[in-house]
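Residues per chain, in single letters:
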Amino acid sequence: TLFSTAAVVLGLYVARSKTALGITAPYRWFAFAVPFIAAALVLSLAIPSQSLLFVPIIPNLVSPSFSLLAAGAAMLLLGLLHFFAANAKLLRLLQPFVICGRNALAAYVAVKLFQELALDFTVFVNGTEPVTVAMIVRDTVGQLLGAAVGRLSIPLIKISVALLLCTYLDRKRLYIRL
């Protein structure tokens, strides 16, 4: 895959140069992300078998448009991180990532245990088919706030569990390492 190789080489150029094309550090990633994303959109429109909204995500179906879009998205995210790091006031917004990064293993284990012990717990409601707690939560939140929020509720709960545990461990200065 020629597109992936080109993306890596261009990414190395952008990372190594102090001012790529005269653009300073945090903003150069944005400048390089735009052409990649634009090329992916043009490529996905030019090929009749693909539509603008369909980009294969399965690794076995990786297409040139997906490679370009993934490279552009990665450069865009890297640009956002550089932008936050360059602005001290905005750096505080990244603090949850730092806290979870210190105890990533604990976060992973906590989320897996929470999934197995709480969310996958099977209950019988009114003598009907067995349902899991996750299904009940998703359906209840979906009825109250809409289907899209209902589908996001379980991942948000998992992230909250990980963040709460990592915050607690960080305040106690306990770090789980291998």
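Our subject is the structure listed above.
None of the values given here were measured: they were computed from a predicted structure. (Residues numbered from 1 in each chain as written. Predicted model: local features only at pLDDT ≥ 70, side-chain atom pairs only at ≥ 80, totals over all residues. Heavy atoms only, no water.)

Enquirer: Would you mind showing me how to read a nonpolar patch on the surface here?
Expert: Together, Leu105, Tyr108, Val109, Leu113, Leu117, Ile176 and Leu178 line one region of the surface with nonpolar side chains, adding up to about 770 Å² of accessible area. The residue Leu113 is located in helix 6 (residues 104–119) in this model. Accessibility expressed as a relative area gives 47% for Leu113, which makes it partly exposed. (Patch = residues over 30% accessible without salt bridge, like charges linked within 9 Å, V, L, I, M, F, W, Y side chains within 5 Å. Areas by Shrake-Rupley, 256 points an atom, 1.4 Å probe, with all protein chains shown as cover. Salt bridge = Lys/Arg side-chain N within 4 Å of Asp/Glu carboxyl O. Helix = DSSP H or I, 4+ residues; strand = E, 2+ residues; numbered from the N terminus. Buried < 20%, exposed > 50% of the residue type's maximum accessible area, 1.4 Å probe, protein only.)

Enquirer: I tried to follow the environment of Gly142 on my own but got confused; where do I start?
Expert: Note that Gly142 resides in helix 7 (residues 133–145). Gly142 sits 10 residues away from Leu152 along the chain, and the two C-alpha atoms are 9.2 Å apart. Once residues lying within four places of it in the same chain are set aside, the contact partners of Gly142 are Ala147 and Gly150. (Contact = heavy atoms within 4.5 Å.)

Enquirer: Help me out: how do you make sense of the packing of helix 5 (residues 95–102) against helix 8 (residues 147–171) in this one?
Expert: Any two packed helices are characterised by the angle at which their axes cross and by the distance between the axes. Their axes nearest at 9 Å, the elements helix 5 and helix 8 cross at an angle of 75°. As summarised for this structure, helix 5 and helix 8 are arranged roughly perpendicular, according to the angle between their axes. In this structure, helix 5 contributes Pro96, Ile99, Cys100 and Arg102 to the contact, and helix 8 contributes Ala162, Leu163, Cys166, Thr167 and Asp170. Per-class residue counts for the contact of helix 5 with helix 8 are 6 nonpolar, 1 polar and 2 charged. (Axes fitted to C-alpha atoms, helices over the stretch in contact; angles between N-to-C directions. Parallel < 35°, antiparallel > 145°, perpendicular 65-115°, else oblique. Nonpolar A, V, L, I, M, F, W, Y, C, P; charged D, E, K, R; others polar.)

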